[in-house]
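Read off the chains here:
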Amino acid sequence: MDRVRDRLKRLRDEARALADAPSVSLDAVNDWRRRASAAIEEIYGPGSKAARDFSRIKFDDAQIIDVAERILRHEAAEQGVDVSALKIPLPAADKALRRGLCEAADLLSSLTL
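Each chain carries its own residue numbering, running from 1 in the written order of its sequence. In keeping with the model being predicted, local features are shown solely for residues with a pLDDT of at least 70 and side-chain atom pairs are shown and tallied solely at 80 or more, while totals for entire chains, interfaces and linings include all residues. Here the side-chain values reflect all heavy atoms present in the structure, with hydrogen atoms and water set aside.

### Details of the pattern of salt bridges
- Whenever Lys or Arg places a side-chain nitrogen within 4 Å of a carboxyl oxygen from Asp or Glu, that contact is recorded as a salt bridge. Enumeration over the complete set of coordinates arrives at eight salt bridges.
- Residues Arg5 and Asp2 are paired through a salt bridge, measuring 3.6 Å at the closest nitrogen-oxygen approach. Of this pair, Arg5 and Asp2 both sit in helix α1 (residues 2-20), three residues apart, roughly one helical turn.
- Note that Glu42 and Arg7 form a salt bridge whose closest N and O atoms lie 3.1 Å from each other. Taken as a pair, Glu42 in helix α2 (residues 26-44) and Arg7 in helix α1 lie far apart in primary sequence, 35 residues in all.
- Between buried and exposed lies partly exposed: a residue is buried under 20% and exposed over 50% of the maximum accessible area for its type, with that area taken using a 1.4 Å probe on protein chains only. For Glu42, a relative accessible area of 58% puts it in the exposed group.
- Each of Glu14, Asp31 and Arg35 takes part in one network of salt bridges that share partners. Only DSSP runs of H or I reaching four residues or more are called helices, and only runs of E reaching two or more are called strands; each is numbered from the N terminus.

So, in structure tokens, the structure goes:
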């Protein structure tokens with residue numbers, strides 16, 4: 001039981017660290033989500049309440065904005081415009097990722113009680 005609790009706490013702490021970082025990467029969050037989801041399913045089962053609750057946490061806003069940025073960059077490249085050095089700040093995506101990570105950390109905390 002302590003091993004399970006420690007594993008969930010490490011994932012929780014990682015979610016909080018990602019949420020508190022100066023910048024949040026969708027790729028890093030997606031990697032964390034895959035690992036957290038796999039751990040929850042391994043511990044509680046794929047159809048468990050914990051797995052369902054985790055899968056309901058929304059990061060969709062960030063994914064939609066990320067896709068939009070990729071499309072815009074692709075279209076700019078097709079027009080011969082080099083935007084590779086351009087950093088496009090997307091606060092809505094950043095906020096969605098942080099909100100999802102905080103919600104996930106809260107869920108993981110509740111699972112360790």
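There is more to say after this.
### Let's talk about the nonpolar core
- The set of buried Ala, Val, Leu, Ile, Met, Phe, Trp, Tyr and Cys residues whose side-chain atoms join them within 4.5 Å is what this entry labels a nonpolar core. Core analysis: the largest hydrophobic core is formed by 24 residues, its most contacted members being Trp32, Ile40, Phe54, Leu101, Leu108 and Leu111.
- Those elements that provide at least two residues to this core are α1, α2, α3 (49-55) and α5 (91-111).
- With seven residues, the top contributor of residues to this core is α5.
- In what follows, a contact means two residues having at least one pair of non-hydrogen atoms within 4.5 Å. Other than its neighbours up to four places away in sequence, Ile40 contacts Leu8, Gly45, Ala50, Ala51, Phe54, Leu108 and Leu111.

### Structural notes on the environment of Ile40
- Relative to the assigned elements, Ile40 resides in helix α2.
- Separated by 71 residues in sequence, Ile40 and Leu111 place their C-alpha atoms 9.5 Å apart.

### Notes on the environment of Ile43
- Summarising the element assignment, Ile43 is placed in helix α2.
- Sequence-distant contacts of Ile43, that is, excluding residues within four places in its chain, are made with Val4, Arg7 and Leu8.

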